[in-house]
Amino acid sequence: MTGVWDLAVVGAGPAGAAAARAAAEAGARVLLLEKAEIPRYKRCGGGLIGPAQRALADSGVDVSGLARDLVGRFTFTHRGGRAFTREAVPFLPMVLRSELDATLVGLAREAGTELTTGVTVGAYAEQDGLVTLGTSGGPVLARAVVAADGSASRASAYVGVHCDLVDIGLEAELPRPPGSDWDGHVLLDWGPVPGSYGWVFPKGDVLTVGVIGSRDQGPAMRDYYRAFVASLGLDLGTAIHDGGHQTRVRTAGSPLRRGQVLVAGDAAGLLEPWTREGISFALRSGRLAGLAAVGELPSYEQAVESVLGAEVAAGRRALAVFTRRPGVVHRVMRTPPLWPLLQELVSGRTTMADQLERRRVRWLVSLVE
Ligand SMILES: Cc1cc2nc3c(=O)[nH]c(=O)nc-3n(C[C@H](O)[C@H](O)[C@H](O)COP(=O)(O)OP(=O)(O)OC[C@H]3O[C@@H](n4cnc5c(N)ncnc54)[C@H](O)[C@@H]3O)c2cc1C
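Residues numbered from 1 in each chain as written. Predicted model: local features only at pLDDT ≥ 70, side-chain atom pairs only at ≥ 80, totals over all residues.

**Q** I tried to follow the nonpolar core on my own but got confused; where do I start?
**A** It is characteristic of soluble globular proteins that their nonpolar side chains tend to be buried jointly. Leu7, Ala8, Val9, Ala19, Ala23, Val146 and Ala264 are the most contacted members of the largest nonpolar core, which has 100 residues in total. By residue number, the principal contributor to this core is helix H7 (residues 279-293), which donates nine residues. Two domains each donate at least three residues to this core, and these are domain 1 (4-45 + 97-163 + 249-316) and domain 2 (69-95 + 166-246). With near-sequence residues (within four places) excluded, Ala264 lies in contact with Ala15, Ala19, Val146, Ala148, Ala282, Ser285, Gly286 and Ala289. (Core = buried A, V, L, I, M, F, W, Y, C linked by C-beta atoms within 7 Å. Buried ≥ 20, exposed ≤ 12 C-beta atoms within 10 Å, placed from the backbone. Helix = DSSP H or I, 4+ residues; strand = E, 2+ residues; numbered from the N terminus. Domains from an automatic or database assignment. Contact = placed C-beta atoms within 7 Å.)

This is how it looks when you write it as structure tokens:
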């Protein structure tokens, strides 16, 4: 870790790996610091929507090789009832994050990134054009830093990131019961806590079962989690992993850098507010941060705001409608025209931001509101 690095990247999730790879490919000397050992477990549904699939394909990642399942059947429920199912040619890959993230780190290393694991970064300081990182393995000096240390980021306090939507995700990875009907099949349940939902995501011989909703509603979210898992006939006592992880969404205009320290992915609060999808945001913001940090992109802030900012704003609008009227949203989704639209949204052929520009969609949203 000695010497002066062109770029130090903190955190080897999708945002950090994408940043390190982009900068290393641009010819920079890059050090990637990760507190865990790789591969590491990350609590996550592992659903790859269209923009994530595209970002991965553009980086040469074979998504189909990583997919543990390919989903085409969706069952929707509202508080466990009023179920309806829609089917299409399978189009939503499910991955294990340990496998996806290890692949991305491997690509960053192939591009020339130096990886150091088992090192925790605790402090940030800048002087005379150099950033000093205080780490558990001693100080690290770099001309620029991309902090991609996730939703409990230490760097975000240094940068002054402000998040006004903070959620708790409770999730278990469970062995798939023999004979159960989860191949290529996802369940989404609109929950009892305003703005919450639950899911079952299949990944070969395991199922990821979770709920997400406001952190302020912690006890109610835990009740929802236990009741949801039990309603599926599953037993948390058999879980391979079981626990909670926070997610957060940045307030519009929240800073993305301080001096030569840039934040990306969850550390920056870049997340789709309704679905809490974050892999595509991490991959895209990480790459932009890596390029900007080594002078290959004029303005990180502008690049993020122009694409990801619009998607976050549209997601906030969707979340507001869903929080106030989950039952109406459920009924509207059941109508025939909504299924093709949902497929387009999930597969990334359109975005919520684009849809909210359409007169008919605006009319429908204001009707629900
Ligand atoms: C329950 C749940 C389900 C989700 N499901 C989905 C889903 O299905 N699809 C989707 O797209 N998104 C989902 N998300 C969101 C997604 O997991 C995140 O948005 C994504 O992981 C963000 O990637 P990242 O690289 O920014 O951070 P992370 O993936 O969190 O990576 C951060 C890395 O930094 C390391 N680190 C942290 N602190 C330090 C430190 N001080 N020093 C050194 N290293 C450090 C960590 O060990 C970690 O490896 C889900 C989130 C939750 C909580």
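**Q** What am I meant to see in the environment of Leu130 here?
**A** Take Leu130: it is sitting in strand S7 (residues 130-135). Taking the C-alpha atoms as reference points, Leu130 and Arg317, 187 residues apart in sequence, are found 40 Å from one another.

**Q** What's the story with the sheet that holds strand S9 (residues 163-175) in this structure? I'm lost.
**A** Spatially, seven strands are ordered S4-S3-S10-S11-S12-S9-S13 in an open sheet, and the strand pairing comes out mixed. The open sheet is flanked by strand S4 (81-94) and strand S13 (241-250), the only strands paired with a single partner. In this sheet, adjacent strand axes meet at a mean angle of 20° when their direction is disregarded. Note that S9 and strand S12 (residues 206-214) share nine bridges and pair antiparallel. Bridge pairing in S12 places Leu170 opposite Val211. Along the sheet, helix H9 (residues 326-334) makes contact with strand S3 (69-78), S4 and strand S10 (185-190), crossing S3 at roughly 130°. (Pairing = 2+ DSSP bridges. Axes fitted to C-alpha atoms, helices over the stretch in contact; angles between N-to-C directions.)

**Q** How should I be thinking about the site of the ligand in this particular structure?
**A** Every one of the 40 residues lining the ligand counts as a neighbour, but Gly11, Gly13, Gly45, Gly265 and Gly278 are closest to it. Breaking the shell around the ligand down by element, the ones donating at least two residues are helix H1 (14-25), strand S2 (30-34), S9, S12, S13 and H7. Broken down by element, the residue count for the shell around the ligand peaks at three residues, all from H1. The residue inventory of the shell around the ligand, partitioned by class, reads 15 nonpolar, 14 polar and eleven charged. Taken domain by domain, the shell around the ligand gets at least three of its residues from each of domain 1 (4-45 + 97-163 + 249-316) and domain 2 (69-95 + 166-246). (Near = placed C-beta within 6 Å. Nonpolar A, V, L, I, M, F, W, Y, C, P; charged D, E, K, R; others polar.)

**Q** Got a minute to help me understand unusual backbone geometry in this structure?
**A** Keep in mind that most residues, glycine aside, have a negative phi and that most peptide bonds are trans. Between Ile38 and the following residue, Pro39, the backbone shows a cis peptide bond with an omega angle of 0°. Structurally, Pro39 can be placed in the loop between S2 and helix H2 (50-58). Phi at Arg79 takes a positive value of approximately 50°, unusual for a residue other than glycine. Its place among the elements puts Arg79 in the loop between S3 and S4. Positive phi, normally seen in glycine, also occurs at Asp128, with a value near 50°. If you trace the backbone, Asp128 turns up in the loop between strand S6 (121-127) and S7.

**Q** Looking at this structure, I do not really get the domain arrangement of the protein. What am I missing?
**A** Many authors give the size of an interface as the accessible area that is lost as the parts come together. Along its sequence, the protein is organised into domain 1 (4-45 + 97-163 + 249-316), domain 2 (69-95 + 166-246) and domain 3 (319-368). Centre-to-centre, using C-alpha coordinates, domain 2 lies 21 Å away from domain 3. Facing eleven residues of domain 2, the contacting portion of domain 3 comprises twelve residues. For the side of domain 2 that touches domain 3, the per-class residue count stands at seven nonpolar, two polar and two charged.

**Q** What am I meant to see in the environment of Gly45 here?
**A** Inspection of the secondary structure puts Gly45 in the loop between S2 and H2. Look at Gly45 and you get buried, because 24 C-beta atoms sit within 10 Å.

**Q** Can you help me understand helix H6 (residues 218-231) in this one?
**A** For an α-helix the count is 3.6 residues per turn, leaving residues at separations of three or four pointing the same way. Here H6 spans 20 Å end to end across 14 residues, near enough to the 20 Å set by a 1.5 Å rise per residue. Among the residues making up H6, those that are buried are Met221, Tyr224, Tyr225, Phe228 and Val229. Projected down its long axis, H6 carries its buried residues within an arc of 120°, all on one side. Relative to its buried face, H6 has exposed residues pointing more than 90 degrees away, namely Pro219, Ala230 and Ser231. Looking at the buried positions of H6, the neighbouring elements they touch are S9, S10, strand S11 (197-203) and S12. Immediately downstream of H6, the backbone of Gly233 shows phi near 75°, a positive value. (Expected span 1.5 Å × (residues − 1). Arc of directions from axis to C-beta.)

**Q** Sorry if this is basic, but what is going on with H1 here?
**A** Over its twelve residues, H1 extends 16 Å from the first C-alpha to the last, a length consistent with the 16 Å expected when each residue adds 1.5 Å. The complete set of buried residues in H1 reads Pro14, Ala15, Gly16, Ala17, Ala18, Ala19, Ala20, Arg21, Ala22, Ala23, Ala24 and Glu25.

**Q** So what exactly am I meant to see when it comes to the pairing of S3 here?
**A** Bridge count for S3 against S4 is eight bridges, and the pairing is antiparallel. In the sheet register, Thr75 faces S4, and the bridge partner there is Thr85. From the end of S3 to the start of S4, which pair antiparallel, there are two residues, and Arg79 there has a positive phi angle of about 50°. Sheet analysis places S3 next to S10, joined by six bridges and oriented parallel. Bridge pairing links Arg73 to His185 in S10.

**Q** What's the story with the environment of Ala252 in this structure? I'm lost.
**A** Among the secondary structure elements, Ala252 is positioned in the loop between S13 and strand S14 (257-258). For Ala252, a count of 12 C-beta atoms within 10 Å corresponds to the exposed category. Measuring from C-alpha to C-alpha, the distance between Ala252 and Gly198 comes to 27 Å, with 54 residues separating the pair along the chain.

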